[in-house]
Amino acid sequence: MKKKIMSTILAAAMTGALLMGCSGSTGASGSAAGEAAAGEEAAAAENAESAGDSTEASEGDAAGGVSEAVADGELTVGTNAEFPPFEFVGDDGEPDGFDVALIKAIGEKMGVTVTIENMEFDSLVASIGSKVDVSIAGMTVTDERKQSVDFSDPYYDAVQYVLVPSDSAIASADDLVGKTIGTQLGTTGDFIAEEIENATDQQYNKAVDAVNDLVNGRLDLVIIDKNPALVFQEKFADKLKALDGADFGFEPEQYAIAMPKGDTALADAINGALKEIKDDGTFDKLVNQYIEQ
Ligand code: GLN
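The structure displayed is predicted, hence computed values, not measured ones. (Residues numbered from 1 in each chain as written. Predicted model: local features only at pLDDT ≥ 70, side-chain atom pairs only at ≥ 80, totals over all residues. Heavy atoms only, no water.)

Explain the overall build of the protein chain to me, using residue names and the numbers behind them.
On a plain count of helices and strands, the protein chain comes out with 10 helices and 15 strands. Looking at the protein chain residue by residue over its 293 residues, the buried ones come to 43%. Here the analysis covers contacts within the protein chain between residues at least 6 apart in sequence; of these, 73% occur between residues at least 24 apart. Of the roughly 15,000 Å² of accessible surface on the protein chain, 49% is carried by carbon and sulfur atoms. (Helix = DSSP H or I, 4+ residues; strand = E, 2+ residues; numbered from the N terminus. Buried < 20%, exposed > 50% of the residue type's maximum accessible area, 1.4 Å probe, protein only. Contact = heavy atoms within 4.5 Å. Areas by Shrake-Rupley, 256 points an atom, 1.4 Å probe, with all protein chains shown as cover.)

Here's what the structure looks like:
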């Protein structure tokens, strides 16, 4: 992460925006011209990118394949340590979990120091390229997020689960209609709950707060990813049961590392390290250590 460079780029972009604003201030036709110009620029950038893929080195590769984001030897990583077993706050007060161990192993392969920034899940995507270089947070690849960030190769399959009180009769999609549902803000569980007919989507910053409200009878169910659901079910074994989202028609999901858009050097470095970690058995070791106990 190089904050100075980022702010310079940001300042340049803002100046550009101001200039465009001025040239487009002659009325509707002016701004349409501005839009057309922006479109051309985007097309040109795309062409340059595909040319870089095939024949010549792209901008990011020019300095020997080192992304500017890690040129200072540091990879700053955003996470939300509220999502066991992928990320949680360990006994020493530091973020720990499968994702944290995985990104540290990736950093080691890349030869960079990994610094973890614990923040709210809902602000992770917007922080990439400014507060943090990348994010790892059990984050599902979605088309909407892809408009703001690029994703690494996926590293884990997931699905949303339904957590209900042990004595609940909820068993199928129809049973979710009109219910009060707890979710973590900005997650795929939140997006699913928003679509359920007549249901109330009660959003929380921390999944554990939703689970506590479920245990206390304030919610009918919580929609959350499979592995955290299983961790919470175990924690409240006599009070909660976890139901497979496939029985509710929830689609399969995949986790990947979210990265700045267009930083192909960084993407190549992360994907290369991820592949090495899978090939040399480190990945399976971490799965055994953190997920399948
Ligand atoms: N996989 C879900 C998502 O990407 C939840 C992630 C999380 O809460 N950390 O939205």
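Can you tell me about the pairing of strand β11 (residues 200-204), naming the residues and giving the values?
In terms of strand pairing, strand β10 (residues 180-184) meets β11 through 5 bridges, oriented parallel. For Gly 182, the partnering residue across the bridge sits in β11 and is Gln 202. Crossover connection from β10 via helix α6 (residues 188-195) to parallel β11: handedness right-handed. (Pairing = 2+ DSSP bridges. Right-handed = clockwise from strand over helix to strand, strands pointing away.)

Provide a residue-level description of the packing of aromatic side chains, including the pertinent values.
All told, the structure shown has 11 aromatic pairs when counted by the stated rule. Of the aromatic side chains, those joined through ring pairs into one cluster are Phe 83, Phe 86, Phe 98, Tyr 155, Tyr 156, Tyr 255 and Phe 283. One residue, Lys 278, lies across the ring of Phe 283, its end atom 4.9 Å from the ring centre. (Phe/Tyr/Trp six-rings, centres within 6.5 Å; stacked < 30°, edge-to-face > 60°. Lys NZ or Arg CZ within 6 Å of the ring centre and 35° of its normal.)

Mind laying out the sheet that holds strand β9 (residues 160-165), listing which residues take part and the relevant values?
The strand order across the open sheet formed by 5 strands is β11-β10-β12-β9-β13, and the pairing between neighbours is mixed. Two strands close off the open sheet at either side, each with one partner strand: β11 and β13 (240-244). Strand after strand, the sheet turns through a mean of 30° between neighbouring axes, direction not considered. Strands β9, β12 (221-225) and β13 of the sheet are contacted by helix α8 (residues 226-235), whose axis makes an angle of about 125° with β12. (Axes fitted to C-alpha atoms, helices over the stretch in contact; angles between N-to-C directions.)

If you had to explain the environment of Ser 67 to someone new, which residues and values would you point to?
Here Ser 67 is to be found in the loop between α2 (28-54) and β1 (74-79). Separated by 200 residues in the primary sequence, Ser 67 and Ala 267 have C-alpha atoms spaced 8.7 Å apart. If we ignore the near neighbours within four places in the chain, the residues touching Ser 67 are Asp 263, Ala 265 and Leu 266.

Hey, could you go over the site of the ligand for me, with residue numbers and the actual values?
Every residue close to the ligand is listed here: Phe 83, Phe 121, Ala 137, Gly 138, Met 139, Thr 140, Arg 145, Gln 184, Thr 187, Thr 188, Asp 225 and Tyr 255. A distance of 2.6 Å separates a nitrogen atom of the ligand from a polar atom in the side chain of Asp 225. Computed on the free molecule, the ligand has an accessible area of 300 Å², of which 100% lies beneath the protein chains in the complex. Classifying every residue of the shell around the ligand gives 5 nonpolar, 5 polar and 2 charged. (Near = heavy atom within 4 Å. Polar contact = N/O pair within 3.5 Å; in protein donor to acceptor, adjacent residues only side chain to side chain. Nonpolar A, V, L, I, M, F, W, Y, C, P; charged D, E, K, R; others polar.)

So, the pattern of salt bridges: which residues are in play, and what are the values?
Where charged atoms from two side chains of opposite charge come close, those side chains can pair. This model, assessed by the stated rule, comprises 7 salt bridges. In this structure, Lys 206 and Glu 82 form a salt bridge, with 3.9 Å as the shortest nitrogen-oxygen distance. Taken together, the residues Lys 206 in the loop between β11 and α7 (207-215) and Glu 82 in strand β2 (residues 82-83) connect sequence positions 124 residues apart. Among the charged side chains, a network of salt bridges with common partners joins Lys 109, Glu 276 and Asp 280. (Salt bridge = Lys/Arg side-chain N within 4 Å of Asp/Glu carboxyl O.)

Outline the sheet that holds β2, supporting the account with residue identities and numerical values.
The 3 strands are arranged β2-β3-β4 in an open sheet whose pairing can be described as antiparallel. The sheet is open, and its two edges are formed by β2 and β4 (95-96), each paired on a single side. As judged from the 2 bridges shared by β2 and strand β3 (residues 87-89), these two strands associate in the antiparallel manner. Following the sheet pairing, Phe 83 is matched in β3 by Glu 87.

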